[in-house]
Amino acid sequence: MNWWQESVVYQIYPRSFKDSNQDGIGDLQGIISKLDYLSYLGIDVIWLCPVYESPNEDNGYDISDYFSIMRDFGSMSDMEELIQKSKKHGISIVMDIVANHTSSEHRWFKEAQKSVDNPYRQYYVFKPNTGKIPSDLKSIFLGSAWSLDEQTNSYYLHLFAKSQPDLNWHYKPVRDELYQMINWWLDKGIQGFRFDVIDLVAKDLDQNKISDGPKLHDYIQELNLNCFKKHSILTVGETWGATTEKAKRYSNLDGSEFSMIFNFSHILLDQEPGKEKWDTVELDLVKLKKVFNDQQVDLYQKGWNSLFWNNHDLPRIVSRWGNDQEYREQSAKMLGTLLHFMQGTPYIYQGEELGMTNVKFESFSDYRDIETQNMIRDRRKKGLTDDQIMASIQKIGRDNARTPFPWNKSDFGGFSEVQPWINMNPNYSLINAQEQLGRVDSVLEYYRKLIWFRRVSNLKDIIRDGQFELMYSDHKDLFAYKRILGSMELKVYCNFHSHSIHLNEDVQTMKLILSNYDEIDSNHGLNLRPYEAIVLEGKGNDL
Ligand code: GLC
Ligand code: CA
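Residues numbered from 1 in each chain as written. Chains lettered and ligands numbered in written order. Predicted model: local features only at pLDDT ≥ 70, side-chain atom pairs only at ≥ 80, totals over all residues. Heavy atoms only, no water.

## With respect to the overall build of the protein chain
Turning to step 1, where the next piece is worked out: Along its length, the protein chain carries 15 helices and 20 strands.
Turning to step 2, where the next piece is worked out: Relative to the globule expectation of 24 Å for 543 residues, the C-alpha radius of gyration of the protein chain, 23 Å, shows essentially globular dimensions.
Turning to step 3, where the next piece is worked out: Based on the C-alpha atoms only, the size of the protein chain along its principal axes is roughly 80 × 50 × 50 Å.
Turning to step 4, where the next piece is worked out: Across the 543 residues that make up the protein chain, the buried fraction comes to 62%.
Turning to step 5, where the next piece is worked out: Taking the intrachain contacts of the protein chain between residues at least 6 apart in sequence as the baseline, contacts between residues at least 24 apart amount to 68%.
Turning to step 6, where the next piece is worked out: Summing over all exposed atoms, the protein chain offers an accessible surface of approximately 21500 Å²; the carbon and sulfur share of this is 47%. (Helix = DSSP H or I, 4+ residues; strand = E, 2+ residues; numbered from the N terminus. Rg over C-alpha atoms; globule rule 2.2 N^0.38 Å. Buried < 20%, exposed > 50% of the residue type's maximum accessible area, 1.4 Å probe, protein only. Contact = heavy atoms within 4.5 Å. Areas by Shrake-Rupley, 256 points an atom, 1.4 Å probe, with all protein chains shown as cover.)

Right under this line is the structure:
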């Protein structure tokens, strides 16, 4: 058993968590000031989105120096203080390693631009300008993945923005530099890493293979040998191209690669096949059940799952697959229940524990995200109307997750005393931490319970190790499953809709563990009200 198999991770997007010096930008001292809140919630680990020096074209995912802290966020001594103080609270820090690319402001890239025979040239992917663009490869942030470097009259590769040139992992010195940097952070007391878009690093342009390049697993194993082996750390790879089959290899139990990956196969289900992320379709619950079932069953005793609905790139789950109006609280709790009783390590993204919703800003200029801004230009060019574009942004855009954390209902939600870098979600006077702290039926207190069940309660073994068995696999509105360990059994029922569901189940002999309504309705079967979630415990064999 590894410590991270019974941990709960909390993801912090530092820019939007807490501003300590009233410049409208969240920072490290802000996080330190909220460690008591995180302790109260009961989490074990903070995944800290990038805090390194960066020109912030992509909010820190464009690093110009891996060894210093972005001025907006504070200093290295603030970072050290955060590591120390977190430890006192029993919280570990996981850093976000962005190593597929650097910022174009990174010293390596500036050197590489100086001349074709500069020693850093091979750190990146350059192609001579022969009068036409090297290939029609597209950037994930739209437009070509090649930009011209005028100084040396060459094209360079960037799978993301122009200001995020891709590193050349096939050149060993690049990998060695990265290992050194990772070890340097380990020496500072970091207890894990999240690896940004790690399945892109081994791209093989000759074979036209961008994700999952042929050498990918060799590189991950090398990284593991050079950096992870001596430590007991949590490592998680961001892998948009992963399937459950691939997850097995990445998280295999011999510990030669990662602890786990982010497998997005569930969260991509509302994207229209073959289209862009902006083109969404209605979620098919039967498919969602199938995907989760595959993840849970296939990785059982073969690998390890991460469990997540949200992150800084995804819209808020309660708006996406719950109900962010009348049943906001019920559906937020239902979605939390569904995830937290599965096998794996749960990740809570800041504000998820309050049931925060998507945001509808009035004008395009209120949006800060580079991906969103690029998409607006691209879709206007393609002839879409502003209304159509706005609808997609409000549904799926990344800024939905990036509005500042609402601590209370005072001006700017107690996040800052000045206008933040991005607007607050206007509903902050209703949805904020202060309103929910200690209110027994709040989403926040419910999340505390979810965390407690997994970390402390006598159900912790079955939550960690129990076998997963899907029930009612064809039911269109109900997601229900069992967890089984020895003679113990848990049953989880989740109603995904605003109408009631009646089930012919006799649950009288089972014990109620958790529910998102005051009491359950088990007269003549089990009746699930809108977005109701119920967890029951029983002796498997007696039923
Ligand atoms: C990852 C990050 C995202 C970033 C991109 C490029 O997907 O999560 O925020 O824009 O990589 O680094
Ligand atoms: Ca600040």
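Having put the structure on the table, let's press on.
## Here's the deal with the site of ligand 1
Turning to step 1, where the next piece is worked out: Around ligand 1 sit 14 residues in total, of which D58, D196, E238, H312 and D313 are the nearest.
Turning to step 2, where the next piece is worked out: H312 is positioned such that a nitrogen or oxygen atom in its side chain is 2.8 Å from an oxygen atom of ligand 1.
Turning to step 3, where the next piece is worked out: A distance of 2.5 Å separates an oxygen atom of ligand 1 from a polar side-chain atom of D313.
Turning to step 4, where the next piece is worked out: Against a free-state accessible area of 310 Å², the protein chains account for coverage of 97% of ligand 1.
Turning to step 5, where the next piece is worked out: Class assignment of the residues belonging to the shell around ligand 1 gives a composition of five nonpolar, two polar and seven charged. (Near = heavy atom within 4 Å. Polar contact = N/O pair within 3.5 Å; in protein donor to acceptor, adjacent residues only side chain to side chain. Nonpolar A, V, L, I, M, F, W, Y, C, P; charged D, E, K, R; others polar.)

## A short note on the domain arrangement of the protein chain
Turning to step 1, where the next piece is worked out: The domain architecture assigned to the protein chain consists of domain 1 (3-102 + 172-443), domain 2 (107-157) and domain 3 (466-537).
Turning to step 2, where the next piece is worked out: For domain 1 versus domain 3, the separation of C-alpha centres amounts to 30 Å.
Turning to step 3, where the next piece is worked out: With 24 residues of domain 1 in contact, the opposing surface of domain 3 contributes 28 residues.
Turning to step 4, where the next piece is worked out: Note on domain 1 versus domain 3: buried area summed over both sides is about 2200 Å², and carbon and sulfur give 73% of it.
Turning to step 5, where the next piece is worked out: Taken as a group, K289, M334 and F341 account for 31% of the area that domain 1 buries against domain 3, more than any other trio of residues on that side.
Turning to step 6, where the next piece is worked out: Applying the counting criterion to the domain 1 and domain 3 interface returns zero salt bridges. (Domains from an automatic or database assignment. Buried area = accessible area lost by both parts, 1.4 Å probe. Salt bridge = Lys/Arg side-chain N within 4 Å of Asp/Glu carboxyl O.)

## Focus on the coordination of the calcium ion (ligand 2)
Turning to step 1, where the next piece is worked out: Taken together, D19 (OD), N21 (OD1), D23 (OD), I25 (O) and D27 (OD) make up the protein donors of the calcium ion (ligand 2), found 2.2 to 2.3 Å from the metal.
Turning to step 2, where the next piece is worked out: Motif for the calcium ion (ligand 2), donor spacing along one chain: D-x1-N-x1-D-x1-I-x1-D.
Turning to step 3, where the next piece is worked out: Among the residues examined, N21 registers a relative accessible area of 46% and is labelled partly exposed. (Donors = N, O, S within 2.8 Å, 3.2 Å for Na, K, Ca; no water.)

## What to know about the sheet that holds strand 8 (residues 154-157)
Turning to step 1, where the next piece is worked out: Read across the open sheet, the three strands follow the order 6-8-7; overall the sheet is antiparallel. Of all strands in the sheet, those with a lone pairing partner are strand 6 (126-128) and strand 7 (146-149), marking the two edges. Across the sheet, the axes of successive neighbouring strands diverge by a mean angle of 35°, strand direction being ignored.
Turning to step 2, where the next piece is worked out: Pairing between strand 6 and strand 8: three bridges, direction antiparallel. Paired with P128 across the strands is S154, a residue of strand 8. (Pairing = 2+ DSSP bridges. Axes fitted to C-alpha atoms, helices over the stretch in contact; angles between N-to-C directions.)

## Observations regarding the sheet that holds strand 20 (residues 533-539)
Turning to step 1, where the next piece is worked out: If you walk across this open sheet you meet the five strands as 14-15-16-20-18, and the pairing is antiparallel. With partners counted over all chains shown, the strands left at the sheet margins are strand 14 (467-471) and strand 18 (511-515), one partner each. Averaged over all adjacent pairs, the angle separating strand axes in this sheet is 20°, with direction ignored.
Turning to step 2, where the next piece is worked out: Taken together, the seven bridges between strand 16 (residues 488-495) and strand 20 define a ladder with antiparallel strand orientation. Bridge pairing in strand 20 places L490 opposite E537.
Turning to step 3, where the next piece is worked out: Here helix 8 (residues 285-298) sits on the sheet in contact with strand 14 and strand 15 (478-485), set at roughly 15° to strand 15.

## Re the pattern of salt bridges
Turning to step 1, where the next piece is worked out: Under the criterion given, the structure shown has 42 salt bridges.
Turning to step 2, where the next piece is worked out: Taking the shortest distance from any N to any O, the salt bridge between E222 and R175 comes out at 2.7 Å. Highlighted residues: E222 in helix 6 (residues 216-228) and R175 in helix 5 (residues 172-187), separated in sequence by 47 residues. Pair check on accessibility: E222 and R175 agree, each one buried.
Turning to step 3, where the next piece is worked out: Measuring nitrogen to oxygen at the nearest pair gives 2.8 Å for the salt bridge that ties E276 to R379.

## Details of the packing of aromatic side chains
Turning to step 1, where the next piece is worked out: According to the stated counting rule, one finds 41 aromatic pairs in the structure shown.
Turning to step 2, where the next piece is worked out: For the pair F405 and W407, a centre-to-centre distance of 4.1 Å together with 35° between the ring planes defines the contact as tilted.
Turning to step 3, where the next piece is worked out: Residue classification places F405 among the buried residues on the basis of a relative accessible area of 1%.
Turning to step 4, where the next piece is worked out: With a centroid separation of 6.2 Å and 80° between ring planes, the pair formed by F479 and Y481 is classed as edge-to-face. Comparing F479 with Y481, the two get one shared label, buried.
Turning to step 5, where the next piece is worked out: Feature note: the residues Y52, Y66, F67, W108, Y120, Y123, Y171, W184 and W185 constitute an aromatic cluster, connected by ring pairs.
Turning to step 6, where the next piece is worked out: Its end group placed over the ring of W321, R320 keeps NZ or CZ at 5.2 Å from the ring centre. (Phe/Tyr/Trp six-rings, centres within 6.5 Å; stacked < 30°, edge-to-face > 60°. Lys NZ or Arg CZ within 6 Å of the ring centre and 35° of its normal.)

## Notes on the packing of helix 5 against helix 6
Turning to step 1, where the next piece is worked out: It is at 10 Å that the axes of helix 5 and helix 6 come closest, and there the two elements cross at 40°. As the angle between them shows, helix 5 and helix 6 are arranged oblique. Between helix 5 and helix 6 lies a crossing of right-handed hand. Between helix 5 and helix 6, the residues in contact are K172, R175, Y179, I182, N183 and L186 and Y219, E222, L223, N226 and C227, respectively.
Turning to step 2, where the next piece is worked out: Per-class residue counts for the contact of helix 5 with helix 6 are six nonpolar, two polar and three charged. (Parallel < 35°, antiparallel > 145°, perpendicular 65-115°, else oblique. Left-handed = near helix turned anticlockwise from the far one by under 90°.)

## A few points about the environment of D521
Turning to step 1, where the next piece is worked out: Secondary-structure assignment places D521 in the loop between strand 18 and strand 19 (526-528).
Turning to step 2, where the next piece is worked out: D521 sits in the partly exposed class, given a relative accessible area of 27%.
Turning to step 3, where the next piece is worked out: Sequence separation of D521 and D212 is 309 residues, and the distance between their C-alpha atoms is 49 Å.
Turning to step 4, where the next piece is worked out: The residues touching D521, leaving out its near neighbours within four places in the chain, are L526, N527 and R529.
Turning to step 5, where the next piece is worked out: A polar contact is formed between the side chain of D521 and the backbone nitrogen of N523, at a distance of 3.4 Å.

## Let's talk about the nonpolar core
Turning to step 1, where the next piece is worked out: Of all hydrophobic cores here, the largest spans 148 residues; its most connected members are L48, M79 and F479.
Turning to step 2, where the next piece is worked out: When near neighbours in sequence (up to four residues on either side) are disregarded, F479 contacts L285, L288, K289, F292, L338, M342, L470, V492, Y493, C494 and F496. (Core = buried A, V, L, I, M, F, W, Y, C linked by side-chain atoms within 4.5 Å.)

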